Amino acid sequence: QSALTQPPSASGSPGQSVTISCTGTSSDVGGYNYVSWYQQHPGKAPKLMIYEVSKRPSGVPDRFSGSKSGNTASLTVSGLQAEDEADYYCSSYAGNIIYVFGTGTKVTVL
Amino acid sequence: QVQLVQSGAEVMKPGASVRVSCKASGYTFNGYNIHWVRQAPGQGLEYMGWINANSGGPTYAQKFQGRVAMTRDTSISTAYMELTSLRSDDTAVYFCAREPPATAGFDYWGQGTLVTVSS
């Protein structure tokens, strides 16, 4: 199972929006509505930000939103804040009760 | 509150085996699957597999089949991941994570266990 493809980096100024893409295949992202997004600060465990493509867990700000079109999922962070600077990973169910992660994107707040 | 507490860092020789534990508290252990993910230094997340905490049935990513075993002990709400025939490229932080039923999202994570493989 190959990793999902994400851009290595993305950036924006405080208050702006940034969108991260996550491209897979019809066997994973395109085949199921089970895409999740995780935020990871250095030295910390990942934190769930989005699940089932667009649902937010309790406590996650509504500045974070998810969507999907075909084999590509996206995470948008609106109203960027300094604390949003982190690595972001997508994940998708890939059939046969197995999951796959994306390559990761480093978000920088300028 | 929900917590997943993992065992401490390990330094292993090539060819050895390591077992990492993940003790759950604050919720009904049997009701949630436990997944294992690793992260090599400076690298991304890599999915290893999961265990059905209720039935005990494991499912492994193809890359690790034959070399990994995931088990659990419901009496002490603890999941285990054992990796055998360790190589230097198995050096990584290993995480356990909880999945609420049918969400495919990992909502709580352990703090991570650094496993270093070095001769």
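None of these values were measured; they are calculated from a predicted model. (Residues numbered from 1 in each chain as written. Chains lettered and ligands numbered in written order. Predicted model: local features only at pLDDT ≥ 70, side-chain atom pairs only at ≥ 80, totals over all residues. Heavy atoms only, no water.)

Draft legend 1. Representation of the side chain of Ser7 of chain B within the structure. Residues and elements named next belong to chain B. Among the structural elements, Ser7 can be located in the loop between strand E1 (3-6) and strand E2 (10-12). Among the polar contacts made by the side chain of Ser7, one reaches the main-chain amide nitrogen of Ser21 at a distance of 3.0 Å. Contacts of Ser7, omitting those with residues within four sequence positions, involve Arg19, Val20, Ser21, Gln111 and Thr113. (Helix = DSSP H or I, 4+ residues; strand = E, 2+ residues; numbered from the N terminus. Polar contact = N/O pair within 3.5 Å; in protein donor to acceptor, adjacent residues only side chain to side chain. Contact = heavy atoms within 4.5 Å.)

Draft legend 2. Looking closely at the sheet that holds strand E3 (residues 18-25) of chain B. Residues and elements named next belong to chain B. The strand order E1-E3-E8-E7 describes an open sheet built from 4 strands, whose pairing is antiparallel. Of all strands in the sheet, those with a lone pairing partner are E1 and strand E7 (68-73), marking the two edges. Between one strand axis and the next, the sheet turns through 20° on average, direction left out of account. Relative to E3, E1 runs antiparallel, the two being bridged by 4 bridges. Opposite Gln6, over in E3, you have Cys22 as the bridge partner. (Pairing = 2+ DSSP bridges. Axes fitted to C-alpha atoms, helices over the stretch in contact; angles between N-to-C directions.)

Draft legend 3. Structural detail: the sheet that holds strand E2 (residues 18-23) of chain A. Residue and element names in this part refer to chain A. With respect to topology, 3 strands assemble into an open sheet ordered E2-E6-E5, the strand pairing being antiparallel. Bordering the open sheet on either side are E2 and strand E5 (64-69), each of which pairs with just one other strand. When the angles between neighbouring strand axes are averaged without regard to direction, this sheet yields 20°. Where E5 lies against strand E6 (residues 72-77), 6 bridges are found, and the strand directions are antiparallel. Bridged to Phe64 within E6 is Val77.

Draft legend 4. Structural context of the packing of aromatic side chains. Residues and elements named next belong to chain B. Enumeration according to the criterion identifies 15 aromatic pairs over all chains in this entry. Look at Phe95 and Trp109: their rings are 5.8 Å apart centre to centre, the planes differ by 80°, and that puts the pair in the edge-to-face class. Placement of the pair is Phe95 in strand E9 (residues 92-99) and Trp109 in strand E10 (residues 108-109), with a sequence separation of 14 residues. When its relative accessible area of 3% is taken as the criterion, Phe95 is described as buried. For Arg19, the ring lying beneath its charged end belongs to Tyr80, and the centroid distance is 4.1 Å. Stacked on the ring of Tyr32, the Lys or Arg Arg98 has its end atom at 3.8 Å from the ring centre. (Phe/Tyr/Trp six-rings, centres within 6.5 Å; stacked < 30°, edge-to-face > 60°. Buried < 20%, exposed > 50% of the residue type's maximum accessible area, 1.4 Å probe, protein only. Lys NZ or Arg CZ within 6 Å of the ring centre and 35° of its normal.)

Draft legend 5. Representation of unusual backbone geometry. At Glu52 of chain A, a position not held by glycine, the phi torsion is positive, near 45°. Its place among the elements puts Glu52 of chain A in the loop between strand E4 (47-50) and E5. Phi is positive for Ser85 of chain B, which is not a glycine, with a value near 45°. Structurally, Ser85 of chain B can be placed in the loop between strand E8 (78-83) and E9.

Draft legend 6. Local environment of the pairing of strand E7 (residues 86-93) of chain A. All names here are of chain A. Along E7, 7 of the 8 residues are buried, which leaves the element largely enclosed by surrounding structure. Of the strand pairs in this sheet, strand E3 (residues 35-40) and E7 are connected by 6 bridges, and their pairing is antiparallel. Within the sheet, the bridge partner assigned to Ser36 lies in E7 and is Ser91. Where E7 and strand E9 (residues 105-109) come together, 3 bridges link them in antiparallel fashion. Bridge assignment links Tyr88 to a residue of E9, and that residue is Thr105. The sheet contact formed by E7 and strand E8 (residues 99-101) spans 3 bridges and is antiparallel. Note that in E8 the partner of Ser91 across the bridge is Phe101. The antiparallel pairing of E7 with E8 creates a hairpin that spans 5 residues between the two strands, and Gly95 there sits at a positive phi of about 80°.

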